[in-house]
Every structure is written in C-alpha cells, then in structure tokens.
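Summary of the model geometry
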Amino acid sequence: MNILVTGANGQLGREMQRLSTVSPNSYTFTDVAELDVTDAGAVRQAVAQTRAEVIVNCAAYTNVERAEEDGEAADRLNRGAAENLARAAEANGATLIHVSTDYVFDGTAHRPYTEEAPTAPLGVYGRTKLAGERAVAESGCKYLTFRTAWLYSEYGNNFLKTMLRLTAEKEHLNVVFDQAGTPTYAGDLAMTIFSIVEGRYYAGNEGLYHFSNEGVASWYDFAAEIAAAVGHDKCRIRPCRTEEFPTKASRPAYSVLDKRKIKETFGLEIPHWRESMLYCLKNMLR
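Residues numbered from 1 in each chain as written. Predicted model: local features only at pLDDT ≥ 70, side-chain atom pairs only at ≥ 80, totals over all residues. Heavy atoms only, no water.

As for the pattern of salt bridges
Applicable threshold: Each reported salt bridge corresponds to a side-chain nitrogen of Lys or Arg within 4 Å of a carboxyl oxygen of Asp or Glu. Helix numbers and strand numbers start at the N terminus; a helix is a DSSP run of H or I with at least 4 residues, a strand a run of E with at least 2. Working definition: with a 1.4 Å probe on protein chains only, accessible area under 20% of the residue-type maximum means buried, over 50% means exposed, and in between means partly exposed.
In the structure shown here, the tally under the stated rule is 15 salt bridges. Between Glu53 and Arg200 there is a salt bridge, with its nearest N and O atoms 3.7 Å apart. Of this pair, Glu53 sits in the loop between α2 (40-50) and β3 (54-57) while Arg200 sits in the loop between α7 (186-198) and β10 (207-210), and the two are 147 residues apart along the sequence. Exposure remark for Arg200: the relative accessible area of 43% places this residue in the partly exposed category. The shortest N-O distance in the salt bridge between Glu225 and Arg274 comes to 3.0 Å. Here Arg274 lies in helix α10 (residues 273-284) and Glu225 lies in helix α8 (residues 219-230), a separation of 49 residues in the sequence. Here Glu225 falls in the partly exposed class, since its relative accessible area comes to 26%.

What about the pairing of β3?
Operational definition: At least two DSSP bridges between two strands are needed for those strands to be called paired.
Here β3 shows a buried face lined by Val54 and Val56 and a second buried face lined by Ile55 and Asn57. Sheet analysis places strand β1 (residues 2-6) next to β3, joined by four bridges and oriented parallel. Across the sheet, the residue bridging to Leu4 is Ile55, located in β3. Pairing geometry for β3 and strand β4 (residues 95-101), over four bridges, is parallel. Residue pairing for β4: Ile55 is matched across the bridge by Leu96.

As structure tokens, this is what we get:
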C-alpha cells in the first residue's frame, strides 16, 4: 500500500515518520520543500506519481496568534490545501485522513463536545480549520477527519517544551486556569492514525471523529504537572485569568472532546493525559 504524508516535519508528521519504520507499506513523507500543498497542480501530480491509496494530511497553519494578522496564509494552508488534497484523493480513488481542531468550537459548553455539536469558531485559525473540514466533506472523496486538541510532543514548539524551559528559568510563573481542555500527545494521535491506516480500518468508517487523550485539565494544571514531574519545584506557578494575558486571538474557554464515537468504532483504549505526558517527558529527558 502507498501512503502519502504531508506536513512531515511537524509534531504529528514526525511521529508518523517514526512509526512508519516498522511498516511493510510504502510511505512518502513531504513537507513544503518537497510539496507545496497550496498548489493544486503539484498536489494532483504528487498523488498520481506516488499512486497513493491513503493521504495523511498533517500540514496546517497552527500559529493561532499570527493567523489573526495573516488570515490569507492561514486560509491557504488550512482550507485551500485541504481542498487540494481532497480533490486529488477523489480523482485518484484515495482516502484522505485530515486533522482538525477543537478551536472550531466557541467554548461555551459545559459537557464534552460531540462530533454533532454546533461549531462557532472564535478566531481566524478556527474558522480556516472549519472551512478545511467542510471543503474535505464537500469534495466527494473518501475521508476521515480527526479533530484533536492541545497537541504536544518531543518535537517542535509546544506548551510542554515551553513550560519545561520557563519553570527551569523563573521563580514565578502565571498560567491561565480558566481554559479547560485535554493535553494530547501527538504520539497517541499518530499511533491511532497509523493503526487505522495499516489495518485498512478506514474502509467503511469514513466521517468525522474526535480524538484527544482522556481527562480534563486547565493550562495551569498542565503546567503544574509538568513542573512536578521534572522536579522544577523552585518555580512558583500561579493560576491567573485569561484577561490577565491579553492576546490577539480568542480561545475557547472549554474545549473537551467527546471520544465515544472513535473508541466504539475502532475499539480504542486511549491513555489519560498524565500518563502520556510522563511518557513524552521520559523520552525527552533520556
């Protein structure tokens, strides 16, 4: 089986590369240097040349703050590229696996969001990701879209790595406690995608799914657990409100995802976020 992966140098793409080494299938990994996913012609050519049966789209514009000032670039990557890949998948009979976000919700709920919950993104990032979801769904291709949340890993820039650095450097640190969600290890999402692809379980199970680790936390809880796990106890972490940290982009106050559908469809057991955080830290601090 031939699998094409875009955004290969990002957090999720790097995890997919690591997993692919044990696969008997043929994976082609691309990032912007190898394939400009915003170029429809280049995408069509790449899908045809690789004879891809599955496309895993890990490419995205994920800088939530910068997206507010550069909406055109965010739209090109989050909507335009998704549409290009979906159309190429449809033309070649391939299945597209696309990754979206909890930021498609406005955060006013008090119970975990199901796949059927109304969407109402608060900023450019969420709006462009939702537009990408819709472009995929309307393309006519076979697809699985996975919404995920609060992604971190050993790779790239993310909250866990920032907190490791700051709690080592500072004596005091303020972290917001009034935004609740679920920290999600990119390795767990990658393993879910990898298992579905390798087993061809995508066939007949197309549609929209939610995936994150289990449990609920605030950013303050997450930061405190990171610091405790690595012994950065000299840094006093103080909970603060969102308004104490003004940002260009509004973020959902509550974005916990209901994972019942993906667990029942694919028989998944998903680790708690603390368990996966400790696993990631162990890998980083070897």
